[in-house]
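A look at the structure
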Amino acid sequence: KQEVTQIPAALSVPEGENLVLNCSFTDSAIYNLQWFRQDPGKGLTSLLLIQSSQREQTSGRLNASLDKSSGRSTLYIAASQPGDSATYLCAVLNQAGTALIFGKGTTLSVSS
Amino acid sequence: GAVVSQHPSRVICKSGTSVKIECRSLDFQATTMFWYRQFPKQSLMLMATSNEGSKATYEQGVEKDKFLINHASLTLSTLTVTSAHPEDSSFYICSAGSHRGGASYEQYFGPGTRLTVT
């Protein structure tokens with residue numbers, strides 16, 4: 001059974017810092033991995049999607065990497081801003097595309 | 001593109017009543033839609049997968065007679081919480097799966113529905 005773990009559960013940093021969020025998964029047979037952002041009481045915003053054959057994806061100040069063999073992904077946020085404060089969720093899609101398994105998320109707080 | 005809507009965004013109902021939540025893919029057709037539930041400070045848990053024109057597949061521990069799912073068209077799926085109780089209060093999120101433009105498969109999420117049962 002696929003399990004997704006995110007470390008740390010919470011993170012507080014001052015504005016301007018670069019930071020890394022970690023995600024690990026137990027079954028390497030995945031279709032893709034996706035990072036989402038969720039603001040309190042809101043739905044999900046997709047940030048980056050990495051196919052199983054890819055190593056990384058970049059969008060603006062965000063960079064996500066994938067090491068499928070070791071079951072790990074990282075989300076790198078450069079020059080953090082208070083507006084980055086949210087919960088970041090990592091999710092893996094199984095190869096059949098039938099199940100998207102989420103981690104519990106990392107709640108990020110960026111202070112000005 | 002790839003917009004998924006949910007209605008209502010918030011609903012408060014009394015214990016024992018039923019509530020219907022709609023999920024629509026606005027600019028694409030989705031043969032498969034997914035329903036998730038999220039309790040406070042918890043992650044999303046898949047409740048069921050619905051395929052257009054067929055019965056939904058429920059995850060272990062989810063009561064199919066309590067959470068009725070209908071996927072009557074390629075753009076609409078509904079979740080009905082029957083005889084709701086306070087413990088059903090949660091944030092319900094749907095997603096629609098698509099191979100947009102023949103590219104990779106991805107799920108697109110709706111904005112969620114906050115259900116409060118009093």
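Residues numbered from 1 in each chain as written. Chains lettered and ligands numbered in written order. Predicted model: local features only at pLDDT ≥ 70, side-chain atom pairs only at ≥ 80, totals over all residues. Heavy atoms only, no water.

Thoughts on the overall build of chain B
Helix and strand content of chain B: 0 helices and 11 strands. Listing every helix and strand of chain B by position from the N terminus yields β-β-β-β-β-β-β-β-β-β-β. Its C-alpha atoms give chain B a radius of gyration of 14 Å, near enough to 13 Å, the size a compact globule of 118 residues would have. Over its C-alpha atoms, taken along the principal directions, chain B stretches across nearly 45 × 25 × 20 Å. In chain B, once contacts between residues fewer than 6 apart in sequence are set aside, the share between residues at least 24 apart is 55%. About 5,800 Å² of surface is accessible on chain B, with carbon and sulfur atoms providing 50% of the total. Mean positive and mean negative side-chain charge positions of chain B (11 and 9 charges, respectively) differ by 6 Å. (Helix = DSSP H or I, 4+ residues; strand = E, 2+ residues; numbered from the N terminus. Rg over C-alpha atoms; globule rule 2.2 N^0.38 Å. Contact = heavy atoms within 4.5 Å. Areas by Shrake-Rupley, 256 points an atom, 1.4 Å probe, with all protein chains shown as cover. Lys, Arg positive; Asp, Glu negative; His and termini not counted. Charge placed at Lys NZ, Arg CZ, Asp CG, Glu CD.)

Describing the pairing of strand β5 (residues 44-51) of chain A
With 7 bridges connecting them, strand β4 (residues 30-38) of chain A and β5 of chain A associate as antiparallel partners. Following the sheet pairing, phenylalanine 36 of chain A is matched in β5 of chain A by serine 46 of chain A. (Pairing = 2+ DSSP bridges.)

A few points about the sheet that holds strand β1 (residues 4-7) of chain A
Residues and elements named next belong to chain A. Taken in spatial order, the 5 strands of this open sheet run β1-β3-β8-β7-β6, and their pairing is antiparallel. Edge strands, defined here as strands with exactly one partner in the open sheet, are β1 and β6 (56-59). Taken over all neighbouring pairs, the strand axes of this sheet differ in orientation by 15° on average, direction set aside. (Axes fitted to C-alpha atoms, helices over the stretch in contact; angles between N-to-C directions.)

A closer look at the state of the cysteines
One pass over the full model with this rule turns up 2 disulfides over all chains. Across the disulfide, cysteine 23 of chain A is cross-linked to cysteine 90 of chain A (sulfur-sulfur distance 2.0 Å). The disulfide joining cysteine 23 of chain A to cysteine 90 of chain A has a torsion of about -60° about its S-S bond and is therefore left-handed. With cysteine 23 of chain A in strand β3 (residues 19-25) and cysteine 90 of chain A in strand β9 (residues 86-94), the pair connects residues that are 67 residues apart, well separated along the chain. Judged by relative accessible area, cysteine 23 of chain A falls into the buried class, the value being 3%. Across the disulfide, cysteine 23 of chain B is cross-linked to cysteine 94 of chain B (sulfur-sulfur distance 2.0 Å). Negative torsions about the S-S bond denote left-handed disulfides, and the value of about 80° found for cysteine 23 of chain B with cysteine 94 of chain B makes this one right-handed. Placement of the pair is cysteine 23 of chain B in strand β3 (residues 19-25) and cysteine 94 of chain B in strand β9 (residues 90-99), with a sequence separation of 71 residues. (Disulfide = S-S within 2.5 Å. Buried < 20%, exposed > 50% of the residue type's maximum accessible area, 1.4 Å probe, protein only.)

A few points about the sheet that holds strand β8 (residues 76-81) of chain B
All names here are of chain B. The antiparallel open sheet is built from 4 strands, whose spatial order is β1-β3-β8-β7. Every interior strand has two partners, whereas the edge strands, β1 (4-7) and β7 (67-73), have only one. Along the sheet, successive strands turn relative to each other by an average axial angle of 15°, direction set aside. Alignment of β3 against β8, held across 6 bridges, turns out to be antiparallel. Counted as the bridge partner of lysine 20 is threonine 80 from β8.

Quick word on unusual backbone geometry
Looking along the chain, the bond that leaves isoleucine 7 of chain A and enters proline 8 of chain A is cis, with omega of 0°. Along the chain, proline 8 of chain A turns up in the loop between β1 and β2 (10-14). Between histidine 7 of chain B and the following residue, proline 8 of chain B, the backbone shows a cis peptide bond with an omega angle of 0°. Among the structural elements, proline 8 of chain B can be located in the loop between β1 and β2 (10-13). In this model, alanine 79 of chain A sits at a positive phi of 45°, which is unusual for a non-glycine residue. Tracing the chain through its elements places alanine 79 of chain A in the loop between β8 (72-77) and β9. The class of alanine 79 of chain A is partly exposed, set by a relative accessible area of 36%.

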